[in-house]
Amino acid sequence: MAIRRAQRLSTHLTLENRVLFGYRYVFPKPAVQKLAVRQRCILPAVPYASIKISHNLPDVPPYILFGTFDPDGLTRALTVAGFEFTTA
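Residues numbered from 1 in each chain as written. Predicted model: local features only at pLDDT ≥ 70, side-chain atom pairs only at ≥ 80, totals over all residues. Heavy atoms only, no water.

**Student:** Whenever I open this one, the nonpolar core confuses me. Can you help?
**Tutor:** Soluble globular proteins tend to pack their nonpolar side chains together in the buried interior. Ranked by size, the top nonpolar core spans 15 residues in total, and within it Leu35, Ile51, Ile53 and Leu78 carry the most contacts. Contributing elements (two or more residues each) for this core: β2 (12–16), β4 (32–43), β5 (46–55), β6 (63–68) and α1 (71–80). (Core = buried A, V, L, I, M, F, W, Y, C linked by side-chain atoms within 4.5 Å. Buried < 20%, exposed > 50% of the residue type's maximum accessible area, 1.4 Å probe, protein only. Helix = DSSP H or I, 4+ residues; strand = E, 2+ residues; numbered from the N terminus.)

Structure (structure tokens):
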């Protein structure tokens, strides 16, 4: 997952993957109900984080799960953009 450069007080959460399938998801901020970030190491010195996005968008599963090997970049981008999230 590529973490796009965060803008202060963003109106959307945008996540994209250019590696495998080239998908891009855009969540309007009012549609995001909860963000949960879970950090762990897959192997020693290989950080990983997953983000669970609960939302109220129609015709989409009730939550979307993404993963990244840049957990610090993910949490930094969410904070700078003004999104509140829980960590586990």
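**Student:** Just checking my understanding: could you explain a nonpolar patch on the surface for this structure?
**Tutor:** On the surface, Ile42, Leu43 and Phe69 cluster together into a nonpolar patch covering about 340 Å² of accessible area. Among the secondary structure elements, Phe69 is positioned in the loop between β6 and α1. (Patch = residues over 30% accessible without salt bridge, like charges linked within 9 Å, V, L, I, M, F, W, Y side chains within 5 Å. Areas by Shrake-Rupley, 256 points an atom, 1.4 Å probe, with all protein chains shown as cover. Salt bridge = Lys/Arg side-chain N within 4 Å of Asp/Glu carboxyl O.)

**Student:** Is there a simple way to think about the sheet that holds β4 in this case?
**Tutor:** Paired through backbone hydrogen bonds, the strands of a sheet run either parallel or antiparallel to each other. With mixed pairing, 4 strands are arranged side by side in an open sheet as β6-β5-β4-β7. Pairing within the sheet leaves two strands with one partner each, and these edge strands are β6 and β7 (86–87). Both β4 and β7 contribute to a ladder of 2 bridges, which runs parallel. Residue pairing across strands places Val37 opposite Thr87, the latter belonging to β7. The sheet contacts of α1 involve β4, β5 and β6, and relative to β4 the element is tilted by about 160 degrees. (Pairing = 2+ DSSP bridges. Contact = heavy atoms within 4.5 Å. Axes fitted to C-alpha atoms, helices over the stretch in contact; angles between N-to-C directions.)

**Student:** Looking at this structure, I do not really get the pairing of β2. What am I missing?
**Tutor:** Remark: a regular strand shows side chains that alternate across the two faces of the sheet. Burial analysis of β2 places 4 of its 5 residues in the buried class, which makes it a mostly covered element. As defined by bridge partners, β2 adjoins strand β3 (residues 24–28) across 5 bridges and the pair is classed as antiparallel. Bridging across to β3, Thr14 finds its partner in Val26.

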